[in-house]
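Single-letter residue listing:
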Amino acid sequence: MSGTINRQILLVEKPTGKLAPAHFKLRDGAIPEPRDGEVLLRVRYISLDAANRAWMHGATYRSAVEANSVMAGGGIAEVVSSKAAGLAPGDVVFGDTGWQDYAAVPARHLTRLPKVEPMTHLLSVFGIAGLTAYFGLLEIGKPKAGETVVVSAAAGSVGSIVGQIAKIKGCRVVGIAGGKDKCDWLTSDLGFDAAVDYKDGAVFKALRAAAPKGVDVYFDNVGGDILEACLPQMNNYGRIACCGAISQYDGAPSAHGPRGVPGLIVVKRLVMQGFIVMDFMDQRDKAIADLQGWVGSGKLKVQEDVIDGLENTPAALIGLLAGENRGKRMIRV
Ligand SMILES: NC(=O)c1ccc[n+]([C@@H]2O[C@H](COP(=O)([O-])OP(=O)(O)OC[C@H]3O[C@@H](n4cnc5c(N)ncnc54)[C@H](OP(=O)(O)O)[C@@H]3O)[C@@H](O)[C@H]2O)c1
C-alpha cells in the first residue's frame, strides 16, 4: 500500500453479460479528507461477496453500484484520523469501504470491532458470512436434531459454515457444490454426511441418494435449477431459507423460474422465507459468542481464501463467481 496515493478500482461499465476484467479500471486517486462526523480509514481486507455482482443489476437491499464510481464492497479497516465522536485512530471497523486503499466514511455507517487474531476472522466466521449462516439456518431453517439439512454453494463462505452448524445441532447434512474435490473436502474435512457434485449432472437423483429420508431444511444460496431439484424432495412442513440466488447473478437470468412454485409449497406445507442478515443484528452478541465457542472447541473449522493485492480484486471476484474459492475469499490490501 502506498502512503501518498489512494489506489482505487472503478467499475467503468455495468456488465450486461458475464463480469470481465474490462469492466474495471485501477486509478491513482487522492487520499480523502474526512468531514465532520467522518473518519479516514486505511483499508486492510476487502470482502469478496457474490452480492458484489448482484448490486450491479440495480437497487436491492442497498443502492445499485453505478458505472464510473469506486466499486462498492465491505471491508475491515483501521481508523487513521477521526472527526467523529466515538472513533479514534487505531480503532478497527467494518463498513462499506469500497475497493480502495483509503476511504472517508461517516462514523454512523461503521461497526466498531474488537481486536481479533487473526483479523481475517472478522470478515469470515465472525463477520457477515458467519452471521448469515448462523441466523439463516437457526432462525429461518429452524433445524431439529435428526433432521436432514441440505445447503447449496456448500463449499463457499456461508455454505461451509451452515453445514458445520447443522452438524453441531445434530442433523444429517448434505452439501451441494461444484466438483469432486470440493465435495470430498466437505465430507472428509468438514464432517458433512454426504455431498452432491452439481456439475456432474443428475442433481435430483444424486440428492435422493444422499438424503434418502427427504429434506427438512434447504438453505438456498443459489436458486435456479438446484432449488428446482430440491423442492420435490422436501418433507412436509419443511423450511427453505432463501439466502441468495448466485446462479442468477452473473449474466442473463434463466428463462423460467423453478417449477413446483407454488404447487409443491402448498401440498407439502412448506415455509419458504428470504432474509437479510442485518435483520438479526440485535442478536449479534449471542451469535458471536456461540461462533467463538464452536471455533475455540474445534467444532467449527474456519476456511479462508486470502489473496494479496488490491489490483487483484476484480479477478478475485470473477473467480469467486466461477467457483474458484473455498470458504471466505478476501483481498489483503
Ligand atoms: N441474505 C443475506 O443476508 C446474505 C448475506 C451474505 C451472502 N448471501 C448470499 O450467500 C450466497 C453465498 O455468497 P458468498 O458471497 O458467501 O459466496 P461463496 O459461497 O463464498 O462463493 C460463491 C460460490 O457459489 C458457487 N456458485 C457459483 N455459481 C453457481 C451456480 N450457477 N450454481 C451453483 N453454485 C454456484 C461457487 O461454488 P461451486 O464451485 O460450488 O459452484 C462459488 O464458490 C450468495 O447467494 C449470497 O448472495 C446472503
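Given the structure is predicted, the values throughout are model-derived calculations rather than measurements.

## Brief notes about the environment of Ala153
Link 1 in the chain: The topology assignment puts Ala153 in the loop between β9 (148-152) and α3 (157-168).
Link 2 in the chain: Assessed through its relative accessible area of 32%, Ala153 is described here as partly exposed.
Link 3 in the chain: Considered as a pair, Ala153 and Ala88 are 65 residues apart in the sequence and their alpha carbons are 39 Å apart.
Link 4 in the chain: With near-sequence residues (within four places) excluded, Ala153 lies in contact with Gly159, Ile176, Asn221 and Val222.

## Structural notes on helix α5 (residues 203-210)
Link 1 in the chain: Every buried residue of α5 is listed here: Val203, Leu207 and Ala210. What you see down the axis of α5 is that its buried residues fit within an arc of 60 degrees, all on one side. In α5, the exposed residues that point more than 90 degrees away from the buried face are Lys205 and Ala209.
Link 2 in the chain: On its buried face, α5 is in contact with β9, β10 (172-177), β11 (194-197) and α6 (224-230).

## Section: the packing of helix α2 (residues 128-141) against α3
Each pair of packed helices can be summarised by the angle the axes make with each other and by the distance between the axes.
Link 1 in the chain: Across the interface, α2 lies against α3 with an axial gap of 8 Å and an inter-helix angle of 50 degrees. Between α2 and α3, the interaxial angle falls into the category oblique. α3 is crossed by α2, and the crossing has right-handed handedness. Residues Ala129, Gly130, Thr132, Ala133, Tyr134, Leu137 and Leu138 of α2 lie in contact with α3, whose contacting residues are Ser157, Val158, Ile161, Val162, Ile165 and Ala166.
Link 2 in the chain: The residue makeup of the contact of α2 with α3, split by class, is 10 nonpolar, 3 polar and no charged.

## A few points about the sheet that holds strand β14 (residues 271-274)
Link 1 in the chain: If you walk across this open sheet you meet the 6 strands as β11-β10-β9-β12-β13-β14, and the pairing is parallel. Two strands in the sheet have a free side with no partner beyond their single neighbour: β11 and β14. Taken pair by pair, the neighbouring strands of this sheet meet at an average axis angle of 15 degrees, ignoring direction.
Link 2 in the chain: Taken together, the 5 bridges between β9 and β10 define a ladder with parallel strand orientation.

## Looking at the site of the ligand
Link 1 in the chain: Residues in close proximity to the ligand total 29 residues, the closest being Ser157, Lys182, Tyr198, Tyr249 and Asn325.
Link 2 in the chain: Interatomic distance of 2.8 Å between a backbone N/O atom of Asn221 and an oxygen atom of the ligand.
Link 3 in the chain: The backbone of Val277 places a nitrogen or oxygen atom 2.8 Å from an oxygen atom of the ligand.
Link 4 in the chain: With the chains in place, 91% of the 910 Å² that the ligand exposes on its own is no longer accessible.

## Digging into unusual backbone geometry
Link 1 in the chain: Residue Glu117 is joined to Pro118 through a cis peptide bond whose omega torsion reads -10 degrees.
Link 2 in the chain: The topology assignment puts Pro118 in the loop between β8 (111-113) and α2.
Link 3 in the chain: Of note, the bond from Val261 into Pro262 is cis; its omega dihedral lies within 30 degrees of zero at 5 degrees.
Link 4 in the chain: Structurally, Pro262 can be placed in the loop between β13 (234-242) and α7 (263-267).
Link 5 in the chain: Positive phi values are uncommon outside glycine, yet Ala202 reaches one of about 50 degrees.
Link 6 in the chain: Structurally, Ala202 can be placed in the loop between β11 and α5.
Link 7 in the chain: On the accessibility criterion, Ala202 (55% relative accessible area) is exposed.

Cut-offs used in this document
Residues numbered from 1 in each chain as written. Predicted model: local features only at pLDDT ≥ 70, side-chain atom pairs only at ≥ 80, totals over all residues. Heavy atoms only, no water. Helix = DSSP H or I, 4+ residues; strand = E, 2+ residues; numbered from the N terminus. Buried < 20%, exposed > 50% of the residue type's maximum accessible area, 1.4 Å probe, protein only. Contact = heavy atoms within 4.5 Å. Arc of directions from axis to C-beta. Axes fitted to C-alpha atoms, helices over the stretch in contact; angles between N-to-C directions. Parallel < 35°, antiparallel > 145°, perpendicular 65-115°, else oblique. Left-handed = near helix turned anticlockwise from the far one by under 90°. Nonpolar A, V, L, I, M, F, W, Y, C, P; charged D, E, K, R; others polar. Pairing = 2+ DSSP bridges. Near = heavy atom within 4 Å. Polar contact = N/O pair within 3.5 Å; in protein donor to acceptor, adjacent residues only side chain to side chain. Areas by Shrake-Rupley, 256 points an atom, 1.4 Å probe, with all protein chains shown as cover.

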